[in-house]
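So the chains spell out like this:
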Amino acid sequence: MALEPAQVTNNHTLQAPVDTLRFGHGSDVGQGRKNNQDACTAFAATYAAAQGRMSFGLFVVADGMGGHMDGEKASSLCIRVVTDHVVEAAYLPLLTGQDEAPDLMETLNEGVLASNLAVTEQMPNGGTTVTAAIIYGGKIYITQVGDSRAYLVEGRHMKALTRDHSLVQRLVELEQLTPEQAAEHPHRNILYRAIGQSEHLELDNKIMPMPFGARLLLCSDGLWMVVPEAEMMDILAATPNSQAACEKLIAAANAYGGPDNITAVLVDLPDCPDIAEPGPTTDR
Amino acid sequence: MVDQIDTQKFPGPPSPGGGSESVLQTNTVLQNRYRITGVLGMGGMGAVYQARDLHFPNVKRMVAVKEMLNTSTNPQIREATLRNFEREADILASLTHPSVPKIYDYFSIRDRAYLVMEYINGRDLEEIINKASDFIKVEIVYQWAIDLCDVLSYLHSHEPEPIVFRDVKPSNIMIDQHRHVRLIDFGIAKTFEIGQKGTMIGTEGYSPPEQYKGQASPQGDIYALGATLHHILTRRDPRLEPPFSFKDRPIRDYNGNVDPEFEAVIMRSLEYRPEDRYPSAMAMKSALEHVRPSPDSAPAVLGTAPIMHNSAGAVTAPVGAQAAKPSTAFFPSGGSEVIPLWTFRCEDEIRSSPAVVYGNLYVGCYDNGLYCIGANDGKFKWRYATEGGIASSPAVADGVVYFGSDDYALYAVDAQRGRILWSFHTEAPVRSSPRVALGHVFIGSDDGNLYAIRIDGGRRAWAMETGDPVRSTAYVTDDLVLFGCDSGDFYAVDLSGKLKWRYKARRGVISSPVVQENLVFFGSMDWHIYAIALDTGWNVWSYRTTKAIASSPVLDDSNVYIGSSDGYFYALDCKTGRDRWKFETEGQIATKAVVHQNAVYFGSGDGYVYSLDTKSGQLRWKFKTGGPVVSAPFVHEGVVYVCSLDHNVYALTA
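It should be emphasised that the depicted structure is a prediction, and the values quoted were computed from it without experimental measurement.

(A) How the structure looks around the side chain of A:Arg215. Residue and element names in this part refer to chain A. Examined against the element boundaries, Arg215 turns out to sit in strand S11 (residues 215-219). A residue is classified by how much of its surface remains accessible, and Arg215, at 10% relative accessible area, is buried. A distance of 2.8 Å separates a polar side-chain atom of Arg215 from the backbone oxygen of Thr239.

If you want it as structure tokens, here you go:
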């Protein structure tokens with residue numbers, strides 16, 4: 001199954017009930033680069049029937065690297081492989097209830113590992129970050145490689161859910177650099193972990209209960225490294241419409257010169273849990 | 001400061017479009033003197049050639065010619081790169097140390113500059129590490145470490161300015177044909193462009209943290225030396241790990257041959273803060289010489305190649321080398337030296353695992369009998385006959401032996417005399433093994449139930465119905481009973497039999513769980529080893545092997561050990577699930593292992609019983625039985641008791 005990346009229409013204007021996933025997204029080349037090496041997928045599915053209803057979401061942001069178009073090919077390949085795998089191995093079984101309930105964290109990891117193999121084989125000079133999240137059954141599952149980020153946004157607060165696999169982040173953790181020095185460091189773009197670099201890949205995982213009514217922001221470093229966090233929070237707090245918020249965030253990065261590609265996916269989490277799930281429940 | 005990161009260290013592919021046509025052809029003669037005979041390596045700046053010096057027509061004098069392509073169109077950069085090259089030449093020319101290659105000449109031709117230096121006949125450490133099938137002997141690494149401290153100390157005390165090497169790493173260290181350490185590549189000009197998004201994978205890992213603040217100091221070389229030694233001793237490439245994470249990988253966790261003192265010296269050289277490391281390379285050298293085992297106890301270092309233990313545990317010495325005395329007791333791979341203390345033959349295959357209590361060994365057999373054998377002499381004491389084969393492993397508590405049988409029953413038999421106390425009948429064969437805890441026997445049956453049965457009298461307290469055979473042996477904590485079933489469900493029930501949580505693996509769980517702190521570990525036929533949080537039932541980590549897992553995990557303080565049908569025996573970090581080491585056997589591993597005093601024992605379908613070092617995974621010994629070994633060993637007072645499908649019970653020295 002091949003999916004067009006980031007071609008899902010956003011449904012923020014519909015009068016949908018608040019129990020579904022709504023999202024906005026945007027990706028922009030910025031002003032400092034000739035091509036956009038970022039890619040994203042937003043896949044939100046709602047099932048509603050007499051037996052109950054469920055929402056399933058998969059959101060992926062990838063920031064490619066490598067010359068000769070290899071970066072954009074790597075990020076695009078990565079998100080397509082991840083999305084293909086998750087839809088097939090997680091979403092469809094959940095929808096039909098025919099197979100055993102998938103372990104969602106593991107399915108997401110399998111997708112990312114498969115994308116690593118695909119990029120390693122097909123794009124030997126390319127690589128990419130990937131930050132991927134599944135939202136289902138009252139939980140958020142996140143897999144992270146590289147320095148794209150996932151944030152949880154609640155009111156005027158935002159908290160990074162991921163840890164950058166970057167040299168400067170590691171130096172900050174070891175108190176060898178201050179965050180301010182890291183922000184200015186000439187090697188701030190250097191990653192120590194990325195998709196497509198080695199068959200051996202470790203993933204950072206996070207499973208958390210869904211904070212109902214909060215928002216999940218996935219973005220590339222063209223946003224978070226450029227726009228100060230306080231400004232991002234102002235924009236998010238002032239813009240309830242998630243598509244409009246994404247567009248404003250991208251505009252803000254461009255206002256700072258847009259040195260890198262900018263990608264943002266913003267998900268409005270439901271206000272209440274699913275009533276029932278069509279398939280068998282997952283773990284527990 | 002960008003010159004420390006070298007993204008294109010050779011051997012590596014030539015940069016796209018930049019290259020192969022630029023490489024000098026064989027037999028090209030430079031300066032009417034150096035005839036190119038081959039390429040030694042490719043770097044980001046150009047190639048390194050092997051060449052013959054024609055000024056010595058009567059002897060074959062080989063030299064290394066390092067070439068730098070000055071391809072920049074920016075005149076300032078061209079000028080800077082040429083200056084860097086000349087700087088390298090000048091530095092090298094001023095040095096005289098046995099570990100520093102001699103420089104003979106340098107010149108430039110159009111856009112290329114050349115440095116002619118001593119040809120070193122040997123291999124670089126990166127190649128040595130990569131080609132070694134196992135750990136390099138610690139005594140040899142000691143010598144390398146001391147020699148490297150010596151040359152760094154020489155460079156650091158250079159006048160008028162100390163020379164900081166800046167790039168100590170295995171690929172820049174050669175071991176020549178006399179087994180001497182040689183530092184190569186004083187390359188200061190490196191190719192890395194700021195601002196370009198990139199990864200450092202494959203290029204970094206040895207540099208000290210402060211190098212990224214633009215500081216290059218002798219302490220930085222000490223760190224990089226420590227990183228290099230860490231890599232050699234652990235066989236863990238720091239370029240594949242998060243940067244500056246050596247502290248997370250204590251050397252002795254990977255290589256039990258390394259003495260704690262050596263580890264301590266290396267770890268001090270890897271301190272994050274330069275002031276916490278050794279104040280000088282000379283100080284580090286002194287520390288190494290102080291802790292190094294005396295030469296009397298170390299084998300002679302001779303020959304032309306390192307001496308390594310191969311993966312089968314045998315010692316291989318290169319031709320011309322004196323056979324090395326291994327640092328731990330190794331047996332040749334044939335295993336003929338392992339002679340059983342005694343052997344006892346039953347009438348059929350033994351799948352049950354033995355238990356030894358008060359001088360008696362108890363084990364079930366497919367001949368329907370539960371045997372009691374003298375643990376010291378292998379003499380028969382009694383046999384209790386059931387109506388079916390016994391795959392269940394006996395549990396012994398308070399003078400009673402409990403075991404299940406294919407005749408659907410659980411038996412409680414007096415451990416001294418073999419007389420029945422009670423039996424409990426289920427609806428199907430009992431292949432799970434009993435767990436005795438809290439006044440109850442917990443046991444699963446193929447009838448789909450896990451039963452809790454009172455020890456006094458054998459009455460049922462409760463049964464938990466799963467719907468599929470329960471062959472996993474329950475683990476009982478203060479408040480939970482944990483077990484798997486053939487459907488793939490893993491259950492945690494409270495002591496009254498009420499479900500607390502359930503974790504669903506994709507295939508059956510025959511494996512018997514073990515618990516440490518808040519985690520329960522088990523394997524599944526879906527190829528995975530799982531670590532599940534006891535309180536929530538959530539997956540903390542899982543590790544995928546390449547075949548089904550029917551065996552059960554065992555633990556020590558830090559590792560979980562488990563075998564898989566893929567033939568490998570795995571040691572994983574309990575907390576993270578990362579593999580520490582794995583060991584390949586020729587058969588499927590279906591047995592649980594046992595850990596005893598830094599050694600782990602298990603059997604394999606290939607008929608062998610293996611004993612491995614828990615730290616390193618190195619083979620201590622192996623013993624060949626006459627059939628697959630599917631039952632778990634039992635270790636008691638320095639003796640390993642193990643059973644085989646060849647019908648025998650063996651007692652081996654641990």
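From this point, the narrative continues.
(B) How the structure looks around the sheet that holds strand S33 (residues 539-544) of chain B. Residue and element names in this part refer to chain B. Spatial ordering of the open sheet is given by S30-S31-S32-S33, a layout of four strands whose pairing is antiparallel. Each of the sheet's edge strands pairs with one partner strand only, and the pair in question is strand S30 (514-516) and S33. Each adjacent strand pair in this sheet contributes to an overall mean axis angle of 20°, direction not counted. Bridge count for S30 against strand S31 (residues 519-523) is three bridges, and the pairing is antiparallel. Each residue of the ladder has a partner; that of Gln516, found in S31, is Leu519.

(C) Spotlight on the interface of chain A and chain B. Tallying the contact residues gives 35 residues for chain A and 40 residues for chain B. Buried surface at the junction of chain A and chain B, both sides included, amounts to about 3500 Å², of which 56% is carbon and sulfur. Linking chain A to chain B there are two salt bridges. For A:Glu202, the salt bridge identified is with B:Arg578, shortest N-O distance 3.1 Å. Our enumeration of links across chain A and chain B arrives at five residue pairs in polar contact (both at pLDDT 80 or more).

(D) Focus on the environment of B:Ser496. Residues and elements named next belong to chain B. Of note, Ser496 is situated in the loop between strand S28 (489-494) and strand S29 (499-504). For the pair Ser496 and Ala461, spaced 35 residues apart in sequence, the C-alpha to C-alpha distance is 8.3 Å. There is a polar contact of 2.7 Å between the side chain of Ser496 and the side chain of Asp494.

(E) Representation of the nonpolar core in the model. Counting 69 residues, the largest nonpolar core has B:Trp144, B:Phe262, B:Met284 and B:Leu288 as the members making the most contacts within it. Looking at which element gives the most residues to this core, the answer is helix H3 (residues 138-156) of chain B, with 12 residues. Built from parts of two domains, this core gets at least three residues from each of domain 1 (20-118) and domain 2 (125-189 + 203-308) of chain B. For B:Phe262, the residues in contact, after removing those within four places along its chain, are B:Val138, B:Val141, B:Tyr142, B:Ala145, B:Leu233, B:Leu288 and B:Val291. Counting residues in each nonpolar core, the second largest holds 35 residues, with A:Phe56, A:Val82, A:Met123 and A:Val130 among its members.

(F) Inspection of the pattern of salt bridges at higher detail. Taken as a whole and judged by the stated rule, the model has 38 salt bridges over all chains. Two residues, A:Glu173 and A:Arg170, come together in a salt bridge whose shortest N-O distance is 3.9 Å. One end of the pair is A:Glu173 and the other is A:Arg170, both in helix H3 (residues 167-173) and three residues apart, which spans about a single turn. Of the residues examined, A:Glu173 reaches a relative accessible area of 31% and is grouped as partly exposed. Judged by relative accessible area, which is 9%, A:Arg170 ranks as buried. Its salt-bridge partner being B:Lys131, residue B:Glu127 comes within 3.0 Å of it at the nearest N-O pair. Placement of both B:Glu127 and B:Lys131 in helix H2 (residues 125-131) is noted, with a separation of four residues, approximately one turn of the helix. The network of salt bridges with common partners includes B:Lys102, B:Glu118, B:Asp176 and B:Arg182.

Cut-offs applied
- Residue numbers here run from 1 along each chain, matching the order of that chain's written sequence.
- The naming scheme follows written order: chains are lettered A onward, ligands numbered 1 onward.
- Selection of residues for local features in this predicted model requires a pLDDT of at least 70, selection of side-chain atom pairs for listing and counting requires 80 or more, and totals for whole chains, interfaces and linings are taken over all residues.
- Calculated side-chain values reflect all of the structure's heavy atoms, with hydrogen atoms and water omitted.
- Note on conventions: DSSP H or I runs of at least 4 residues are helices, E runs of at least 2 residues are strands, and numbering of each starts at the N terminus.
- When a residue's accessible area, from a 1.4 Å probe over protein chains only, is under 20% of the maximum for its type it is buried; when over 50% it is exposed; and in between it is partly exposed.
- For this analysis, a polar contact is any N or O atom pair within 3.5 Å, provided that within protein one partner can donate a hydrogen and the other can accept it, and provided that sequence-adjacent residues contribute only side-chain to side-chain pairs.
- At least two DSSP bridges between two strands are needed for those strands to be called paired.
- Lines fitted to the C-alpha atoms define the axes, with helices restricted to the stretch that makes contact. Angles between their N-to-C directions range from 0 to 180 degrees.
- By definition in these notes, contact holds between two residues if any of their heavy atoms fall within 4.5 Å.
- The quantity reported as buried area is the accessible area (1.4 Å probe) lost by two parts once they are put together, taken as the sum for both.
- For this analysis, a salt bridge means a side-chain nitrogen from Lys or Arg found within 4 Å of a carboxyl oxygen belonging to Asp or Glu.
- We call a set of buried residues a nonpolar core when its members are Ala, Val, Leu, Ile, Met, Phe, Trp, Tyr or Cys and they connect through side-chain atoms within 4.5 Å of each other.
- The source of the domain bounds is an automatic or database domain assignment.

Keep in mind that these numbers describe shape and distance, not what the molecule does.
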